[in-house]
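For reference, the chains in residue letters:
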Amino acid sequence: QVRLVESGGGSVETGGSLALACGFSVDTYSNWCLAWFRQAPGKEREGIAAASTRNPYTTYAQAVKGRFTISQINANNTLNLIRNRLKPEDTEMYYCAEMRSQWSDCAAWLRYTSWGQGTQVTVSS
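## Observations concerning the side chain of Asn 77
Looking at the element boundaries, Asn 77 is found in the loop between β7 (69-70) and β8 (78-83). Asn 77 sits in the buried class, given a relative accessible area of 18%. When neighbours within four sequence positions are excluded, Asn 77 is seen to be in contact with Cys 22, Gly 23, Phe 24, Val 26 and Thr 28.

Written as structure tokens, this is what we have:
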């Protein structure tokens, strides 16, 4: 099994920035989709964005487009997630996930089945 480890969570002041990283243990020579999800208290887990290991491709969920940005997967097998101007309602768990699939499948959010443990982001006011 691949291992996925989120980092960068914690307490952030209102108006601050979210900067998370997910480390993956995959064969980047093969086709993998790596993604970020979020989950608010009492809500279902929701896809944010995803990238491909083999193509310069990123995709964003419509509901969050314009709110988050992700990097392409870097040489250290890390996918970054950034959002500025955080609000208290952005207090959520953030998870990374993976599936072995081609770049055109990376936005199929329901197909992700391998998950990290998540990292908590708390936005204070």
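There is more to say after this.
## Some thoughts on the confidence of the model for the protein
Confidence in the prediction for the protein averages 91 pLDDT; 98% of positions are at 70 or higher. The secondary structure element of the protein with the lowest average pLDDT is strand β1 (residues 4-7), at 91, and the one with the highest is strand β4 (residues 33-39), at 96.

## Some details on the layout of surface pockets
Roughly 180 Å³ of internal volume is contained in the largest pocket. Lining the largest pocket are Gly 66, Arg 67, Phe 68, Thr 69, Ile 82, Arg 83, Asn 84, Arg 85 and Lys 87. Here the lining of the largest pocket is built from residues that sort into two nonpolar, three polar and four charged.

## Some details on the pattern of salt bridges
Following the criterion strictly, the structure yields four salt bridges and no others. Notably, a salt bridge pairs Arg 38 with Glu 46, separated by 2.9 Å at the nearest N-O pair. Arg 38 sits in the buried class, given a relative accessible area of 9%. Bridged by salt links that share partners, the residues Arg 38, Glu 46 and Glu 92 form one connected network.

Definitions and limits used
- Residues numbered from 1 in each chain as written.
- Predicted model: local features only at pLDDT ≥ 70, side-chain atom pairs only at ≥ 80, totals over all residues.
- Heavy atoms only, no water.
- Helix = DSSP H or I, 4+ residues; strand = E, 2+ residues; numbered from the N terminus.
- Buried < 20%, exposed > 50% of the residue type's maximum accessible area, 1.4 Å probe, protein only.
- Contact = heavy atoms within 4.5 Å.
- pLDDT = per-residue confidence, 0-100.
- 1 Å grid on protein atoms, 1.4 Å probe; cavity = no way out; pocket = protein on both sides within 12 Å on 5 of 7 lines; lining within 4 Å.
- Points joined across faces, edges and corners; volume = space filled by probe spheres on them.
- Nonpolar A, V, L, I, M, F, W, Y, C, P; charged D, E, K, R; others polar.
- Salt bridge = Lys/Arg side-chain N within 4 Å of Asp/Glu carboxyl O.

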